[in-house]
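# Results of the structural survey
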Amino acid sequence: MSRKRVAILISGRGSNMAALISAARAPDFPAEIVLVVSNNPEAPGLAHARDAGIATAIIDHRPFGKDREAFERNLQGVLEANRVELVCLAGFMRMLTPWFVHRWLGRLLNIHPSLLPEFKGVDTHARALAAGAKTHGATVHFVVPEMDSGPVIAQARVPVHRGDTPDTLAARVLEAEHHIYPIALRYVAEGRAQMIDGRCMIDGKEHIEPVLLIPPP
Ligand code: GRF
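## Examining the domain arrangement of the protein
Once the domains are mapped, the protein shows domain 1 (1–104) and domain 2 (112–217). Inter-centroid distance (C-alpha atoms) of domain 1 to domain 2 is 20 Å. Taken together, the contact between domain 1 and domain 2 spans 21 residues of the former and 14 residues of the latter. Taken together, both faces of the contact between domain 1 and domain 2 bury some 1,600 Å²; the carbon and sulfur share is 75%. Our count for the contact surface shared by domain 1 and domain 2 stands at 4 residue pairs in polar contact (both at pLDDT 80 or more). Where the side of domain 1 that touches domain 2 is concerned, the elements lending two or more residues are β1 (4–10), α1 (15–23), β2 (31–38), β4 (86–89) and α4 (98–103). Of the residues forming the side of domain 1 that touches domain 2, the biggest block, 5 residues, is contributed by α1. Classifying every residue of the side of domain 1 that touches domain 2 gives 15 nonpolar, 3 polar and 3 charged.

Quick look at the structure:
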């Protein structure tokens, strides 16, 4: 089995990164994590990656100022130097330009803490509570230039409990994130999930019912 070479892009804690690293340790996992890149030199996730024996790179976005593409050209260089085939965004807090996204179309994944298309953007847990949502969740999707809008590969739905705060709800969603991100990466690395004409096809069929309920009913 030739394992796909994966880079994970982080900006912070890196718990989704850790979940992917851990899943990729399984001998039958179709991808290997060859690189972790952070735009934030202080990202706590970097230490975890190093402890796991994974190469890390820091590309601080600040010296590039408003020139997002210049930052991305550097990033692209590091990805190419490491012969990366798939990129997973995991709490990566930089908007990517069409320049970068088009280079990686169908090979660039993101995880978002809501049941997209609901609650794009930030503060999803507080917004779900304010909206009185009964359920909430997480989504892994292919990245397209428009933020949080690409075709869905996998979703997990979790219940909202009475008395939930944004933090308690975030913790429940995060557990679901750690579950679905490795599943989605496996599908993409195996070539079973593909982005075709802006849609996610799984095993050649349009992916219609992507929601996984956690915990199961
Ligand atoms: C996660 O909730 C992810 O969905 C969002 O940012 C958070 C990152 O957490 N994009 P971590 O760094 O993976 O722990």
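## Some points on the site of the ligand
All residues adjacent to the ligand are R13, G14, S15, N16, G91, I111, H112, P113 and E177. One of the backbone nitrogen or oxygen atoms of I111 is found 3.1 Å away from a nitrogen atom of the ligand. Computed on the free molecule, the ligand has an accessible area of 370 Å², of which 84% lies beneath the protein chains in the complex. Those elements that place two or more of their residues in the shell around the ligand are α1 and β5 (108–112). Along the lines of polarity and charge, the residues of the shell around the ligand split into 2 nonpolar, 5 polar and 2 charged.

## Describing the pairing of strand β6 (residues 135–142)
Counted residue by residue, β6 has 7 buried out of 8 residues, so it is predominantly covered. As defined by bridge partners, β5 adjoins β6 across 4 bridges and the pair is classed as antiparallel. Opposite N110, over in β6, you have H141 as the bridge partner. Of the pairings in the sheet, the one linking β6 to strand β7 (residues 152–159) comprises 7 bridges and is antiparallel in character. By the bridge assignment for β7, H136 is matched with V158.

## A look at the pairing of β4
Here β4 shows a buried face lined by L86 and C88 and a second buried face lined by V87 and L89. Inspection of the sheet shows β1 paired to β4 by 4 bridges, in the parallel sense. In the strand pairing of β4, V6 is matched with L86. For β4 and β5, the ladder comprises 3 bridges, and the chain directions are parallel. Across the sheet, residue C88 finds its bridge partner in β5, namely L109. Assessed by its sense of winding, the connection that carries the chain from β4 through α4 to β5 is right-handed.

## A few points about the packing of α1 against helix α6 (residues 166–189)
Between α1 and α6, the shortest axis-to-axis distance is 9 Å and the interhelical angle comes to 45°. Between α1 and α6, the interaxial angle falls into the category oblique. The handedness of the crossing between α1 and α6 is right-handed. Mapping the contact onto sequence places S15, N16, A19, L20 and A23 in α1 and L174, E177, H178, Y181, P182 and L185 in α6. Split into classes, the residues belonging to the contact of α1 with α6 amount to 7 nonpolar, 3 polar and 1 charged.

Reading the values: rules and limits
Residues numbered from 1 in each chain as written. Predicted model: local features only at pLDDT ≥ 70, side-chain atom pairs only at ≥ 80, totals over all residues. Heavy atoms only, no water. Domains from an automatic or database assignment. Contact = heavy atoms within 4.5 Å. Buried area = accessible area lost by both parts, 1.4 Å probe. Polar contact = N/O pair within 3.5 Å; in protein donor to acceptor, adjacent residues only side chain to side chain. Helix = DSSP H or I, 4+ residues; strand = E, 2+ residues; numbered from the N terminus. Nonpolar A, V, L, I, M, F, W, Y, C, P; charged D, E, K, R; others polar. Near = heavy atom within 4 Å. Areas by Shrake-Rupley, 256 points an atom, 1.4 Å probe, with all protein chains shown as cover. Buried < 20%, exposed > 50% of the residue type's maximum accessible area, 1.4 Å probe, protein only. Pairing = 2+ DSSP bridges. Right-handed = clockwise from strand over helix to strand, strands pointing away. Axes fitted to C-alpha atoms, helices over the stretch in contact; angles between N-to-C directions. Parallel < 35°, antiparallel > 145°, perpendicular 65-115°, else oblique. Left-handed = near helix turned anticlockwise from the far one by under 90°.

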